[in-house]
Amino acid sequence: MIKVKKLFKTYKQGVDIVVAVNNACLNIKKGEFVAIVGPSGSGKSTLLHLLAGLDKADSGEIIINNTDITKLNNEEMIIFRRENIGFIFQFYNLLPMLSVKENILLPALLSGKKTNAYEKIINDLNIKDKENYLPNDLSGGQQQRTAIGRALINNPKIILADEPTGNLDSINAKNIMKLFKHYNNLGQTIIIVTHDLRLAKMATRIITVKDGKIVKDVKNVKAHN
Amino acid sequence: MLKLIIRNFYENKKTSIVFLLSIIFSSMLIFLITLLFSAVHKYLLNEAIKNTGDYHVKIKTDLKNYENFSVIKNIKWQDDKVLITYDNIYDVYKLTDKLCKKAKCAEIEYNDAYLSLYGISKNENLLNTLKYLIIIVLAIILICMVFIIYNVYKILLINKYKQIGLLQSIGMTLKELRFMLLFEAIIFSLLGIVVGFIISLLAILVLITFINNSFKIDISFALNIKFLFYAFVFLFLLILIICFIPFFKAKKISNLKLLNMNYTYKKNKSFKNIIIFLSYLNYKRSKSHYKSVIISLVIFIVLSSSFNMFLKYGEEVINNYVSMPSYDAEITVLENTDEAYKLLDSFASKNSSKYKIYETCKTKININRENYVDKGPNNLNLYIIEGNNYFINEANTVITKDNRIYKENKSYFKKEISLKVNNKTLSLKESKNIPFGFENILTKDNLLIGINNINDICTPNLTLFMKSDEVNLEKKLKSLLKEDFDLYYINAKEGKKIINNIILSVKVFLYSILVLTFLIGVSTIISSAYLSMMYRKKEFGLLKSIGLTTKDFKDMITVESLYITGKASLYSLLLVLGINVITNSVINEVIDLEHFSLIKPFLCTSLISLIMIRIIMRMCYKRIEKTSIINLIYNDNI
């Protein structure tokens, strides 16, 4: 499903050049629930952004369902992401002038697709009673669930989540992870970035990143079971 | 503290520069108007003193021992009248009344020409009306300046709240915060106002030189300290208030809320089309950047339309009320001999493209009222030329009556008139054919007649009117005629040049104001639109991340620009109509002019606004497009 070959990404930080992703190679199969862990500044979020096409790599390949996204231009990437990827940001990044319902439905409206999935998603997320509220009126957990709903509405093949529980309390964090587990059980490929090892253990595969390099890649047998 | 402020300035360089520029612009315009007003006022005062003197009132009185009247500054005797100058010009009427209770007064004559320059003439005269017109223009400019400065600052407000929240949360007290904001306000205002003042000084020197050269007058630079002080204080207080607004508002809000400050949104209705829906929502934000853009557009449309109207009025005054002679030279020889005629004829045929020689006399006559259709002056200047017993029944002139300026173009006389000139009665029929050269003399006080035996009435001179491109005509003529003839030479070309210069200067001045207002309007729109787009980078990044394509963005921008311009045009229309009505009625008090409608310039400027906004938004979007989505979402600073 996802093949990453010799991926390289650098940033300029003042006069220094920081290597954020250093020669990463990865293979993720359909239906996997992958957690990318690592210390702060290790490059895990950068890797996720590159997988989502939100940033451009300096070199390397990212092949998703036989499409090398590094070769796509901006427009093609937007359309590809719209149809194949659902991205969840750490700080929710909902559109503040849209209600919960409108935020969730927006990707479907933009892609022009008719969807019946809204009711099921909003019930699964347990925010049906908040569907007409604006993001400023919601709690962190509710906003994050809205963001998850927005990522799911187009039934994407892959869900990428960057620190989805980073701003939540432990109970809400656990609930969010359970949601991911639920959707993974339904067949969705999920890749999350987290610094919380306890939550990472709910994934079926844990990839550890350090100084831009993948240093460990293990199957989490317990989670499988 | 200073380090923090300077650091803040550099971190938000673009917005700080835009804010500073808006202060400089506003200061420059206000100071320029103040300095121009002072210079013109000084010139008019000097002219009034030259023409009528600087006394306040002239009275026929038996006033003695005026030294006992402490309010009198100066007193001069002129024949049997006394010219009084008081200590306080503003009490002239009150003091004169007081004086005349103590001394016998008659024939009280106030020096209106001088008093009106201090705004205290009792008569409703031109200058008073001009004063109202200037006040309207100043008011428009001042209000616009306030909006321009505040407009830009509004865009910075959210960041300011966050900054205040952050500083308070790490321990800055209210007193220290107040000091920091005061310091910021002082730096911005000092920099902006001083630079604006310096630019206005340079501009006024250039303007005065230009006016003096074109009008051949002598306006000098005048620094009215009082006006400048008021202008400085006004601007300084304005900037101070603007810089302190977030402080006063933030005092009522908790630290946490300040840190998480964002725009508040209202629930809005939905549209089927997602692009229109998103555009509508962006436009309807309650505390959005679009208000600033809308205000900029309103200022631009109102200023451009209004000054377009002033330009048209100026052009109409020039076209209708400034008349150019049809000839370049007028030569009068005090002799009517064949020799003189031949010489003039030979001279004119060689040196001009069009000419005519007349036998002419000029005298004054009393005219019988029965000759008038309605009524007219009893005494006229009579111009007599050789012709077939006709008179020109047309007065085509500018007159001032009851402090209003009229353009007259009417026939005063009956179709046939009878005049007594030098004991000879003349019966004359009207003619509409105005002889070449005499167009400019046809006023209510002048009458031009042609009679077939001019020598029976008077001893005529020879007058030559000629059009010529030759230089040194007078020299050539004098060398031709030598000392044999007495002649008068009027160089109408020189006068034409001055009139042309006046016309050109007025047009240049008006067009310059129009261009200046256009530029100010455009720069305000660009700055506010640019800033508002830049502050939406995160929103654009988000929309791109969930699937909004470039085409969708372009459509969204088009719809948004239609919303913005539509709203701005609606507000502007109300203001423009108001200004149109007020200006027309003020001008109508003074001069007889056709009324101008502001609808055409309003529509043009609205269209220009729409095109401008769309271009700016598209250009800003192109810049944003080059940035990766992640940088757009996570890097808020512009």
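Procedures and definitions
Residues numbered from 1 in each chain as written. Chains lettered and ligands numbered in written order. Predicted model: local features only at pLDDT ≥ 70, side-chain atom pairs only at ≥ 80, totals over all residues. Heavy atoms only, no water. Contact = heavy atoms within 4.5 Å. Buried area = accessible area lost by both parts, 1.4 Å probe. Salt bridge = Lys/Arg side-chain N within 4 Å of Asp/Glu carboxyl O. Polar contact = N/O pair within 3.5 Å; in protein donor to acceptor, adjacent residues only side chain to side chain. Helix = DSSP H or I, 4+ residues; strand = E, 2+ residues; numbered from the N terminus. Nonpolar A, V, L, I, M, F, W, Y, C, P; charged D, E, K, R; others polar. Axes fitted to C-alpha atoms, helices over the stretch in contact; angles between N-to-C directions. Parallel < 35°, antiparallel > 145°, perpendicular 65-115°, else oblique. Left-handed = near helix turned anticlockwise from the far one by under 90°. Pairing = 2+ DSSP bridges. Buried < 20%, exposed > 50% of the residue type's maximum accessible area, 1.4 Å probe, protein only. Disulfide = S-S within 2.5 Å.

Draft legend 1. Representation of the interface of chain A and chain B. The interface is formed by 29 residues belonging to chain A together with 30 residues belonging to chain B. A buried area of about 2,600 Å², summed over both sides, lies between chain A and chain B, and 67% of it is on carbon and sulfur atoms. The tally of links from chain A across to chain B stands at zero salt bridges. Counting across the chain A and chain B interface gives seven residue pairs in polar contact (both at pLDDT 80 or more). Within the residue set of the side of chain A that touches chain B, elements represented by two or more residues are helix H2 (74–84) and helix H3 (100–111) of chain A. In terms of residue count, H2 of chain A provides more of the side of chain A that touches chain B than any other element does, six residues in total. Looking at the side of chain A that touches chain B residue by residue, the classes come out as 15 nonpolar, seven polar and seven charged.

Draft legend 2. Expanded view of the packing of helix H4 (residues 117–125) of chain A against helix H6 (residues 170–185) of chain A. Residues and elements named next belong to chain A. Between H4 and H6, the least distance of the axes is 11 Å, while the angle of their chain directions is 140°. It follows that H4 is oblique to H6 by the angle criterion. Counted together, Lys 120, Ile 121, Asp 124 and Leu 125 of H4 and Leu 179, His 182 and Tyr 183 of H6 form the full contact between these two elements. Here the contact of H4 with H6 is built from residues that sort into four nonpolar, one polar and two charged.

Draft legend 3. Highlighting the packing of H3 of chain A against helix H5 (residues 140–152) of chain A. Residue and element names in this part refer to chain A. In the contact formed by H3 and H5, the axes pass within 7 Å of each other and the chain directions differ by 30°. Here H3 lies roughly parallel to H5, going by the angle between them. Taken as a pair, H3 and H5 cross one another with a handedness that is right-handed. Residues Val 100, Asn 103, Ile 104 and Pro 107 of H3 pack against Thr 146, Gly 149 and Arg 150 of H5. Broken down by class, the residue content of the contact of H3 with H5 amounts to three nonpolar, three polar and one charged.

Draft legend 4. Main features of the sheet that holds strand S14 (residues 461–467) of chain B. Residue and element names in this part refer to chain B. Strand order in the open sheet formed by nine strands is S11-S12-S8-S13-S7-S6-S14-S5-S15, and the pairing between neighbours is mixed. In this open sheet, the two strands that pair with only one neighbour each are strand S11 (416–421) and strand S15 (487–491). When strand polarity is set aside, the average angle formed by the axes of neighbouring strands in this sheet is 30°. Bridging between strand S5 (residues 329–333) and S14 involves five bridges; their strand directions are antiparallel. Within the sheet, the bridge partner assigned to Thr 332 lies in S14 and is Thr 463.

Draft legend 5. Representation of the pairing of strand S7 (residues 158–162) of chain A within the structure. Residue and element names in this part refer to chain A. Among the five residues in S7, five count as buried, and that is most of the element. Burial of the side chains of S7 extends over both faces: Ile 158, Leu 160 and Asp 162 are buried on one face and Ile 159 and Ala 161 on the other. Across four bridges, strand S6 (residues 85–88) lies against S7 in parallel orientation. When the bridges of S7 are listed, Ile 85 appears paired with Ile 158. Taken together, the five bridges between S7 and strand S8 (residues 189–193) define a ladder with parallel strand orientation. By the bridge assignment for S8, Ala 161 is matched with Ile 192.

Draft legend 6. The arrangement of the sheet that holds strand S3 (residues 33–37) of chain A in detail. All names here are of chain A. Taken in spatial order, the six strands of this open sheet run S6-S7-S8-S3-S9-S10, and their pairing is mixed. Of all strands in the sheet, those with a lone pairing partner are S6 and strand S10 (213–219), marking the two edges. Each neighbouring strand pair of the sheet contributes to a mean axis angle of 15°, computed without reference to strand direction. Most of the contacts of H6 go to S8, to which it runs at about 155°, and overall it touches S3, S6, S7 and S8.

Draft legend 7. Just the state of the cysteines, in detail. Residues and elements named next belong to chain B. If you walk through the whole model with that rule in mind, you get one disulfide over all chains. The residue that forms a disulfide with Cys 361 is Cys 458, at a sulfur-sulfur distance of 1.9 Å. On the sign convention where negative means left-handed, the S-S torsion of about 95° between Cys 361 and Cys 458 marks this disulfide as right-handed. With Cys 361 in strand S6 (residues 354–366) and Cys 458 in the loop between helix H12 (454–457) and S14, the pair connects residues that are 97 residues apart, well separated along the chain. Here Cys 361 falls in the buried class, since its relative accessible area comes to 9%.

Draft legend 8. Fine view of the pairing of S10 of chain A. All names here are of chain A. Pairing of strand S9 (residues 205–210) with S10 involves six bridges; the strand directions are antiparallel. Within S10, the residue paired with Ile 206 across the bridge is Val 218. In textbook terms, the turn of a hairpin is the stretch between consecutive antiparallel strands, and for S9 and S10 this stretch comprises two residues, one of which, Asp 211, has a positive phi near 50°.

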